[in-house]
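# Structural characterization, general
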Amino acid sequence: MALLSIADALKSAIAEEMRRDPLVFCLGEDEDIPGGMGGAFTVTKGLGDEFGYERVLNTPISEIMLAGVCVGSAMMGMRPVADLQYGDFLFCMMDQLVNQAAKMCYMSGGKVHVPMVMRAPCGASNRGAQHAQSLEGFFTHVPGLKVICPSTAYDAKGLMKQAIRDDNPVLVFEHKLLYGSKRKEKDAISTVTEVPEDDYVIEFGKAAIRREGKDITIVANLLMNYKALEAAQILEQEGISCEVIDPRTLVPFDYDTVVASLEKTGRLMIVHEDNYNCGWGAQLGSWIAEHHIFLLDAPIVRVAAYDVPIPFSPVLENYVIPSKERIVEEARKLMKV
Amino acid sequence: MALLSIADALKSAIAEEMRRDPLVFCLGEDEDIPGGMGGAFTVTKGLGDEFGYERVLNTPISEIMLAGVCVGSAMMGMRPVADLQYGDFLFCMMDQLVNQAAKMCYMSGGKVHVPMVMRAPCGASNRGAQHAQSLEGFFTHVPGLKVICPSTAYDAKGLMKQAIRDDNPVLVFEHKLLYGSKRKEKDAISTVTEVPEDDYVIEFGKAAIRREGKDITIVANLLMNYKALEAAQILEQEGISCEVIDPRTLVPFDYDTVVASLEKTGRLMIVHEDNYNCGWGAQLGSWIAEHHIFLLDAPIVRVAAYDVPIPFSPVLENYVIPSKERIVEEARKLMKV
Amino acid sequence: MSKLPDKERALGMYQRMSLIRKYEERIYYLFLEGIMPGTIHQSTGQEACAVGMLYDLRTDDHMASTHRPAGHDLAKGVSLKSMMCEMFGKDEGCCRGKGGAMHTGDIEVGALVANAIVGGNLPIAAGVALAYKMQKKDNVIVCFFGDGATNEGAFHESMNAAAIWKLPVIYVCENNLYSATTSIAITCNMQNPAADRAVAYAIPSEIVDGNDVLKVNEAATRAIKRARSGEGPTIIELKTYRHGGHSRNDACQYRPKDEEKHWFDHDPVKNFRDYLITNKLATEEEVEKIDNNIEADIDEAVEYAQHAPFPQIESALTDVYWEGK
Amino acid sequence: MSKLPDKERALGMYQRMSLIRKYEERIYYLFLEGIMPGTIHQSTGQEACAVGMLYDLRTDDHMASTHRPAGHDLAKGVSLKSMMCEMFGKDEGCCRGKGGAMHTGDIEVGALVANAIVGGNLPIAAGVALAYKMQKKDNVIVCFFGDGATNEGAFHESMNAAAIWKLPVIYVCENNLYSATTSIAITCNMQNPAADRAVAYAIPSEIVDGNDVLKVNEAATRAIKRARSGEGPTIIELKTYRHGGHSRNDACQYRPKDEEKHWFDHDPVKNFRDYLITNKLATEEEVEKIDNNIEADIDEAVEYAQHAPFPQIESALTDVYWEGK
Ligand SMILES: Cc1ncc(C[n+]2csc(CCOP(=O)(O)OP(=O)(O)O)c2C)c(N)n1
Ligand SMILES: Cc1ncc(C[n+]2csc(CCOP(=O)(O)OP(=O)(O)O)c2C)c(N)n1
Ligand SMILES: [Mg+2]
Ligand SMILES: [Mg+2]
């Protein structure tokens, strides 16, 4: 066991996979310049030293190329692990992700495949609208992509290793305030926990129950899972018992765990930092109303970022992003229905 | 009154607005080359003749630039109406739409605004996965954009005029099989109907009830609205009465009309050609389960394209895209719950 | 003046060019008849580009094509039957009916799935080349694109990456003077939209008569040698012309008649045929025999494809994610 | 050797440069103190670029900046107080607290909202210039970007459009040798990543010492003249260097010490100060007075901003769509 933050857990996953498989390589802007940062969040710092700069590529600022090079090299058997600094720049490579990576296997009739990993830091951290987005909703909508969002160091390592071994394009959303690396951000949460030093993977499509409860099922990912847990603690004192589920991967999505929980609670709350309209919570909410509406004793509740670009001013940002207070309040209302 | 197809209705809307307001201009690849096609679907053919090639710009194949030029010129008071040939290429300009156009007003604290129109032909028509997508789900998820999808010639003219006059970025999804222009596609539907020759606009956020009914509320847009109407006809013979609603605009969305209908029917079916996972139907489904769950007498049903890239082979494409048969079948099942 | 090729090579090239020509003609006819679904972008008139560039690639080398892929695919060795089946959306199509006319290709013979996003194949080709390099292979990839594609951001980013990493990729611009209906002259200030921009990346470039298969082949030979020996990318701009419209729906009324005449007179297939006979590399009869065999093959392929089964509809739901081999 | 400017101009330029320097120094300090939220990319060392380029723009001309906007904004005339309020996320900020350090700007004085997407401002500037042209105005827009941005697809597409449409835009590359931690030498084969690529669009270009405000200003004058008179775009590459790290979090340990020394010695503010005094355009006292006034203004602005009210939280929900004026 080692004590690792998410940033370090991701690094150890990538490094272990690079040791295991010579076809794994990583690339990105400022990926690992000696004296530099290791991406924007230290994850890839030091990899160049161990693996050399032919396997740790510092790329130009060319997102179309970055993604396209992943697609092309992956089709030839390589396993690229790319880093994007900020998920917001996914839009600069969107064609390569949606029209190319996601469709290549299908369009070829299953003859080629694209085992690539695209790492996208996400979440609001006082940097303004173009460095703040939670982008899950865009990519869960794309058949052919897998979408994962680890929120603990243990998950980060196990899911990242699985992502690298997966034979399909995988988008990894990593929350900036959960890296838990030294460069502490305001409101950042320490994610340093014990992580096995040996090889393990976490299967996609298996949610984790972070807290058991019997009144409300709260499904929340990334930072929002922590806020939900904080809210659950407060609510417990009021006699409201929340089961908090972390989906961990959004495509594939583990509906079963949510349904099993709803069988106990009859009440569903979905919390995400991605904005409300057409976020991944909409899919979950609607899916439940399609397949298990009779499990529901009350309306579904979605707590999400308001439908606005993320504002810079801390007071505004705090207001737009779901807070534990908002979760608590919504839970109280939900129990009154 | 004139008899117009959607293609011609759009053209007349653009032309009338260009006559009315010298700041309106249009641009795109192959926008209107003499002897050419007028975009990919004839909509802008002939405009150069009337307005000159300074106001009808034939652009290079440079989608980032195309969108960026819209943003920049719109901030300076122009009203660009751009055309993309196929909506699938939206991904090539995604940064300019999502990070720039949609956020500019907000980031400036309301000091600038971006009145631009981006026209995106959508829908499957035997052209393979990169020329077939229905992309509503991506853009309804972006605060700051408006998203409209006219399905009749009357709406096309009124909504397009409104879009050009709107002070915000508007995405217009136009279905390839509904243009009703001379170049007839297989399975295309004639949209030629009477359209007023005088000036009118259709307000955003007002759904149209295309058919009244009392058993099931079907909300379906673009081509799927026609399929829903066909299905409703069949179902009527079986004694199942469907109310068919065309939302016409997705952002803003007219929830009220859906709710009013559900008060009669208690049953909701959503049909769209965009794929299932996280499509706009997910938003509507979840929203109803959040705000009006007690109106529902049965589970919500979503009929959407399966979650796959669009295949080329006509037999496969027909299977993936919702058909009237699938709608009928789902409706029958729904009535049995 | 090109050096005379040996007879076998010459006839080999002719065979491929003639195959492409006749294939495209047949496809055109099948569309006219209304029996072929979808749309098509044909390469009639550009046969020498495909054949000259690809004739000397190994099967394990790769080729990345565009929305106009048939010539490239046939030149790289995708089987006629599997192409034809794909066009009809049949299960035995080279993409099992899931790709279609803009996505033909077969990785087994080194033809990537063709790319219908203008410029979309350029960074992917760089990635393929990067993989060769990392795997220490001496392969090369030929990546085709049109004059119009040179205005895409993807062009710029890909050229730059290929240059700085010295990738074994040959970027081939088939400059047919138009992107769809738009003359390249109004969307770009350069006489040679690809070659004139090569300096911006410090990539060597060549401008070649794209309707002369031997000249194209010579340029290919030089570029392949550079690439295989680790000297990096080359940009080759081929001057050519499409004989038909941009796509099925294009009546092609925007091109000056004298321009068309000039280029139609400079027909790559006909001229090479004449060249073979004039230079006694083949007799009229030999050439005719090749042509007749091709016609017969095409007849057979069409017949086969028309009667081949469609995919099972459930197969629409597979291959979204890889299912292993 | 530049021609001596008249005194008022010279002191005007000095005042702006000194303002930028002292502003950035104060911001740096406020971050160190932990009282300023978010992150920041500072322009210390690049003051001559901003002032030289923008000094002669009219208020109704425009400027498009990047993630490193403070210098550009101050040079274009965004008010110090509204900048400082924005940095603190206050309601009186130039973007009402909604923009932040990477998005400062004020359309009232021709400063577009700064753009934190590398390359994102380039096509937008082309659009602004296109609007001038369509509205038959003689305005010009100056669009800044870094060396790293020249590798973006947006660069290519924007240059090409500006060229073919002869747009009144001045594209200014501040080549400070690094994009974040990455030396431009490893991501681009060109010595001059912007200027050497100008030929690929047939745009005239200049390479200028970006730390010499007078040289920058002369180049600006030429480019503005070209643009106003309808002759189209210019690409200007300014050689410069940032004094600090890329962003707040960057300890900047990847630059050779001798390179840093070379550039720090070639300090644009200090050198211009010396120049003024040596050439008797100003006395020590005059310059000191300017500096002191700036310090006082900054003190006042900080004081003001710190005590200014935050926006009402409900204002987070407005301005998503335009609400008119
Ligand atoms: C990104 C993108 N934009 C636009 C199109 C529509 N389109 C298809 S082919 C074409 C013209 C391409 O011209 P060129 O690159 O010269 O190739 P050619 O057709 O002449 O072979 C256009 C605009 C597309 N497929 N992809
Ligand atoms: C599209 C995009 N990719 C990456 C980034 C992250 N990023 C911010 S600044 C920067 C370096 C920019 O370098 P350069 O253009 O030289 O400008 P400089 O910072 O030197 O002023 C990078 C990579 C970004 N903001 N946008
Ligand atoms: Mg062309
Ligand atoms: Mg730089």
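Residues numbered from 1 in each chain as written. Chains lettered and ligands numbered in written order. Predicted model: local features only at pLDDT ≥ 70, side-chain atom pairs only at ≥ 80, totals over all residues. Heavy atoms only, no water.

### Things to note about the pairing of strand S2 (residues 24-28) of chain A
All names here are of chain A. So the rule is basically this: Here's how the labels work: a residue is buried when its accessible area is under 20% of the maximum for its type, exposed when over 50%, partly exposed in between, all with a 1.4 Å probe on protein chains only. Where helices and strands are cited, they refer to DSSP runs of H or I of at least four residues and of E of at least two residues respectively, numbered from the N terminus. Here, strands pair whenever DSSP counts at least two bridges between them.
Counting buried positions along S2 yields five of five residues, so the element is predominantly enclosed. Residues Val24, Cys26 and Gly28 point to one face of S2 and Phe25 and Leu27 to the other, with burial holding for every one of them. Bridge analysis of S2 against strand S4 (residues 79-83) gives five bridges, and the strand direction is parallel. Following the sheet pairing, Val24 is matched in S4 by Arg79. Here S2 pairs with strand S3 (residues 56-58) via three bridges, running parallel. Its bridge partner being in S3, Cys26 is matched across the sheet by Val56.

### A look at the site of ligand 1
Worth spelling out the cut-off: Each residue is tested against the molecule or strand, and it is near if at least one of its non-hydrogen atoms lies within 4 Å. Here a polar contact means two N or O atoms within 3.5 Å. Within protein one must be a hydrogen donor candidate and the other an acceptor candidate, and residues neighboring in sequence count only if both atoms are side-chain atoms.
In the vicinity of ligand 1 there are 22 residues, among which Glu63 of chain B together with His67, Arg68, Ala116 and Gly148 of chain C approach most closely. In this structure, ligand 1 is bordered by residues of chains B and C. One of the side-chain N or O atoms of His67 of chain C is found 2.7 Å from an oxygen atom in ligand 1. A distance of 2.9 Å is found between an oxygen atom of ligand 1 and a backbone nitrogen or oxygen belonging to Tyr178 of chain C.

### As for the relation of the copies chain A and chain B
Definition in use: The atoms used to superpose the copies are C-alpha atoms, taken from residues with pLDDT of at least 70 in both, and the fit is least squares. It only takes one pair of heavy atoms within 4.5 Å for two residues to be counted as in contact.
Rotating chain A by 180° and moving it 0.0 Å along the rotation axis overlays it on chain B with an RMSD of 0.0 Å. Here the symmetry operator amounts to a two-fold rotation axis. Taking C-alpha positions as the reference, the residue of chain A nearest the rotation axis is Ser286 of chain A, at 2.1 Å. Of the residues that chain A buries at the interface, 100% are likewise interface residues in chain B, meaning the two copies contact each other through the same surface.

### Topic: the coordination of the magnesium ion (ligand 3)
All names here are of chain C. Rules: Each metal's donors comprise the N, O and S atoms found within 2.8 Å of it (within 3.2 Å for Na, K or Ca). Water is not part of the atom list, so some coordination spheres may appear incomplete.
The coordination sphere of the magnesium ion (ligand 3) contains the protein donors Asp147 (OD), Asn176 (OD1) and Tyr178 (O), at a distance range of 2.1 Å. Sequence spacing of the donor residues for the magnesium ion (ligand 3), all on one chain, is D-x28-N-x1-Y. Under the relative-accessibility criterion, Asn176 is labelled buried at 4%. The exposure class of Tyr178 is buried, given its relative accessible area of 8%.

### Side note on the domain arrangement of chain A
Where interface size is given, it is often the accessible area lost as the parts come together that is meant. All names here are of chain A. Keep this limit in mind: Domain start and stop positions are those given by an automatic or database domain assignment. Reported buried area values correspond to the accessible surface (1.4 Å probe) lost by two parts on association, with both partners' losses combined. For salt bridges, the criterion is a side-chain nitrogen of Lys or Arg within 4 Å of an Asp or Glu carboxyl oxygen. Three classes are used, and their members are as follows: Ala, Val, Leu, Ile, Met, Phe, Trp, Tyr, Cys and Pro are nonpolar, Asp, Glu, Lys and Arg are charged, and the others, Gly among them, are polar.
When its domains are assigned, chain A resolves into domain 1 (2-195) and domain 2 (208-336). Every contact between the two is made by 31 residues of domain 1 and, on the other side, 22 residues of domain 2. Together domain 1 and domain 2 conceal approximately 2,300 Å² of surface at their shared face, both sides included; 59% is due to carbon and sulfur atoms. In this structure, the connection of domain 1 to domain 2 is made through two salt bridges. In this structure, Arg210 engages Asp155 in a salt bridge whose closest nitrogen and oxygen atoms are separated by 2.6 Å. Counting every contact that joins domain 1 to domain 2 gives 14 residue pairs in polar contact (both at pLDDT 80 or more). When residues of the side of domain 1 that touches domain 2 are traced back to their parent elements, those giving at least two are helix H6 (136-139), strand S6 (146-148), helix H7 (153-165) and strand S7 (170-175). Ranked by residue count, the leading element in the side of domain 1 that touches domain 2 is S6, at three residues. Within the side of domain 1 that touches domain 2, the residues separate by chemical class into 15 nonpolar, 11 polar and five charged.

### Some details on the interface of chain A and chain B
Contact with chain A, which involves 55 residues of that partner, is made by 55 residues of chain B. Between chain A and chain B, roughly 4,400 Å² of surface is buried when both sides are summed, and carbon and sulfur atoms account for 62% of that area. Linking Glu290 of chain A and Arg302 of chain B is a salt bridge whose minimum nitrogen-to-oxygen distance equals 2.7 Å. Here chain A is connected to chain B by 34 residue pairs in polar contact (both at pLDDT 80 or more).

### Focus: the side chain of Arg273 of chain C
Residues and elements named next belong to chain C. Here Arg273 shows up in helix H10 (residues 268-278). For Arg273, a relative accessible area of 18% puts it in the buried group. Residues contacting Arg273, with those up to four places away along its chain left out, are Tyr14, Glu284, Val287, Glu288 and Asp291.

### Notes on the interface of chain C and chain B
With 40 residues of chain C at the contact, the number on the chain B side is 35 residues. Both faces combined, the contact of chain C with chain B buries some 3,000 Å², and carbon together with sulfur accounts for 66% of it. The interface formed by chain C and chain B includes zero salt bridges. Linking chain C with chain B are nine residue pairs in polar contact (both at pLDDT 80 or more). When contributions to the side of chain C that touches chain B are tallied by element, the ones reaching two or more residues are helix H4 (80-87) and helix H7 (184-187) of chain C. Along the lines of polarity and charge, the residues of the side of chain C that touches chain B split into 16 nonpolar, 18 polar and six charged.

### A short note on the coordination of the magnesium ion (ligand 4)
Residues and elements named next belong to chain D. For the magnesium ion (ligand 4), the protein coordination sphere consists of Asp147 (OD), Asn176 (OD1) and Tyr178 (O), at 2.0 to 2.1 Å. For the magnesium ion (ligand 4), the single-chain donor residues occur in sequence as D-x28-N-x1-Y. Remark: Asn176 occurs in the loop between strand S3 (169-175) and strand S4 (178-179) and Asp147 occurs in the loop between strand S2 (141-146) and helix H6 (153-164); sequence separation between them is 29 residues. Each member of the pair, Asp147 as well as Asn176, is classed as buried.

### Points about helix H10 (residues 268-278) of chain D
Residue and element names in this part refer to chain D. Stated precisely, the cut-off is as follows: The arc under discussion is defined with respect to the helix axis, by the directions toward the C-beta atoms.
Of the positions making up H10, those classed as buried are Pro268, Val269, Phe272, Arg273, Tyr275 and Leu276. End-on view of H10: buried residues confined to an arc of 160°, all on one side of the axis. Residues of H10 that are buried in the fold lie against helix H1 (7-32), helix H2 (47-54), helix H8 (213-228) and helix H11 (284-307). With its phi angle positive at about 55°, Lys280 sits one or two positions after the end of H10.

### Here's the deal with the state of the cysteines
As a reminder, the rule being used: Here, the term disulfide refers to a pair of cysteine sulfur atoms separated by no more than 2.5 Å.
Inspection of every chain in the model, using the stated rule, returns zero disulfides over all chains. Free of any disulfide, Cys92 of chain A has its nearest neighbouring cysteine sulfur in Cys92 of chain B, separated by 12 Å. Residue Cys92 of chain A is classed as buried on the basis of its relative accessible area of 18%. With no disulfide of its own, Cys188 of chain C has Cys173 of chain C as its nearest cysteine by sulfur position, at a separation of 9.4 Å. Owing to a relative accessible area of 3%, Cys188 of chain C belongs among the buried residues under this scheme.

### So, the packing of helix H1 (residues 6-20) of chain A against H7 of chain A
Residue and element names in this part refer to chain A. This is how it is decided: To get an axis, a line is fitted to the C-alpha atoms, and for a helix only the part in contact is used. The angle between two axes follows their N-to-C directions and goes from 0 to 180 degrees. Rotating anticlockwise by less than a right angle from the far helix to the near helix defines a left-handed crossing, while the corresponding clockwise rotation defines a right-handed one.
At a minimum axis distance of 8 Å, the contact between H1 and H7 shows a crossing angle of 30°. For the pair H1 and H7, the crossing hand works out as right-handed. Here H1 contributes Ile6, Ala9, Leu10, Ser12, Ala13, Ile14, Glu16, Glu17 and Arg20 to the contact with H7, which in turn contributes Ala153, Ala156, Lys157, Met160, Lys161, Ile164 and Arg165. Of the residues assigned to the contact of H1 with H7, the class counts are nine nonpolar, one polar and six charged.

### Points about unusual backbone geometry
Leaving glycine out, the prevailing phi sign among residues is negative, and the prevailing peptide bond configuration is trans. Residue Pro252 of chain A is reached from Val251 of chain A by a cis peptide bond, and omega for that bond is 0°. When you line up the elements, Pro252 of chain A lands in the loop between strand S12 (249-251) and helix H9 (255-265). Positive phi values are uncommon outside glycine, yet Cys278 of chain B reaches one of about 65°. Relative to the elements of secondary structure, Cys278 of chain B occurs in the loop between strand S13 (268-275) and helix H10 (280-291). For Cys278 of chain B, a relative accessible area of 1% corresponds to the buried category. Here Lys280 of chain D, not a glycine, exhibits a phi torsion of approximately 55°, which is positive. Residue classification places Lys280 of chain D among the exposed residues on the basis of a relative accessible area of 73%.

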